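# Fold and contact review
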Amino acid sequence: MKVIDLTKESFVEKVAEFQEYPNKWDFKGDKPCLVDFHAPWCVYCKALSPILDQLAVEYDGKIDIYKVDVDQEPELEAAFAIRTIPNLLLCPMGGKPSMKLGTMNKTQLKALIEEVLL
């Protein structure tokens, strides 16, 4: 599997309605997911991108990994109060989502996925 880019429409379809976050959360995925809020000009986002590509292959069938370009999707950026990027939205099955700054290496990110999503 590869990392999938989301628009606000596909976010609503694959993840959840975002307009009422965090008060109301109805996760729509069939497996846990990680959403990377990023921008193409962000150096830290560029460093995280190949790690996410590798993890999408390693966790294929276990979690979905998505990306949201905050420059293209300002409504999603505002709904999740994104002020620093990369910023990760972790969506476990049947639980509340959580946010985590994405400046971490592969080992740290794998540990986070194992702890929060699996």
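Counting of residues starts from 1 at the beginning of each chain's written sequence and follows it residue by residue. Side-chain atom pairs in this predicted model are given and counted only at pLDDT of 80 or more, local residue features only at pLDDT of at least 70, and totals for whole chains, interfaces and linings cover all residues. Hydrogen atoms and water are omitted, and side-chain values are computed over all heavy atoms in the structure.

The name an unreviewed UniProt entry assigns to the protein chain is Thioredoxin family protein, from the organism Bacteroides fragilis str. 3988T(B)14.

### Examining the overall build of the protein chain
Helix and strand counts for the protein chain stand at four helices and five strands. Think of it this way: any DSSP run of H or I at least four residues long counts as a helix, any run of E at least two long counts as a strand, and we number them from the N terminus. The order of helices and strands in the protein chain, counted from the N terminus, is β-α-β-α-β-α-β-β-α. A compact globule built from 118 residues should have a C-alpha radius of gyration of about 13 Å, and the protein chain, at 13 Å, falls within 12% of that. Each principal axis of the C-alpha atoms in the protein chain carries an extent, and together these give about 35 × 30 × 20 Å. Relative accessible area decides the class of each residue, using a 1.4 Å probe on protein chains only: under 20% of the type maximum gives buried, over 50% gives exposed, and in between gives partly exposed. Within the protein chain, buried positions represent 48% of all 118 residues. Any two residues having at least one pair of non-hydrogen atoms within 4.5 Å are treated as being in contact. Contacts spanning at least 24 positions in sequence make up 69% of the contacts within the protein chain whose residues lie at least 6 apart. Values of accessible area rely on a 1.4 Å probe in the Shrake-Rupley scheme; residue burial ignores everything except the protein chains shown. On the protein chain, roughly 6300 Å² of surface is accessible, and the fraction owed to carbon and sulfur atoms is 51%. In this tally Asp and Glu are treated as negative and Lys and Arg as positive; neither His nor the chain ends contributes. To locate a charge, take atom NZ for lysine, CZ for arginine, CG for aspartate or CD for glutamate. Here the protein chain contributes 14 positive and 19 negative side-chain charges, whose respective centroids are spaced 3 Å apart. In this treatment the radius of gyration is a C-alpha quantity, and the globule benchmark scales as 2.2 Å times the residue count to the 0.38 power.

### Some points on the pattern of salt bridges
A side chain of one charge can pair with a side chain of the opposite charge if their charged atoms are brought near each other. By salt bridge we mean one thing: a side-chain nitrogen of Lys or Arg within 4 Å of a carboxyl oxygen of Asp or Glu. Within this structure, the stated rule accounts for six salt bridges. For aspartate 30, the salt bridge is made with lysine 31, and the minimal N-O distance between the two is 3.4 Å. For aspartate 30, a relative accessible area of 62% translates into the label exposed. Ionic pairing is found between glutamate 58 and lysine 106, a salt bridge with its closest N-O pair at 2.5 Å. Taken together, the positions of glutamate 58 in helix α2 (residues 43-58) and lysine 106 in helix α4 (residues 106-117) put the pair 48 residues apart, joining distant regions of the chain. Residue classification places glutamate 58 among the partly exposed positions, given a relative accessible area of 36%. Here lysine 106 falls in the partly exposed class, since its relative accessible area comes to 25%. Taken together, the shared-partner salt bridges in this structure form one network comprising Asp30, Lys31 and Asp64.

### A few points about the sheet that holds strand β4 (residues 87-91)
Whether two strands pair depends on DSSP finding at least two bridges between them. Across the sheet, five strands lie side by side as β1-β3-β2-β4-β5; this open sheet has mixed pairing. Each end of this open sheet is capped by a strand with a single partner; those strands are β1 (4-5) and β5 (98-101). Interaxial angle, 0 to 180 degrees, is taken between N-to-C directions of lines fitted to C-alpha atoms, where a helix line uses only the stretch in contact. Sheet strands touched by α2: β2 (33-38), β3 (64-69) and β4. Its angle to β3, the strand with the most contacts, is close to 155 degrees. α4 rests against β2, β4 and β5 of the sheet, and its axis sits at about 30 degrees to β4.

### Thoughts on the pairing of β2
Counting buried positions over the six residues of β2 gives six, a clear majority of the element. Here β2 shows a buried face lined by Cys33, Val35 and Phe37 and a second buried face lined by Leu34, Asp36 and His38. Note that β2 and β3 share six bridges and pair parallel. Counterpart to cysteine 33 in the pairing with β3 is aspartate 64.

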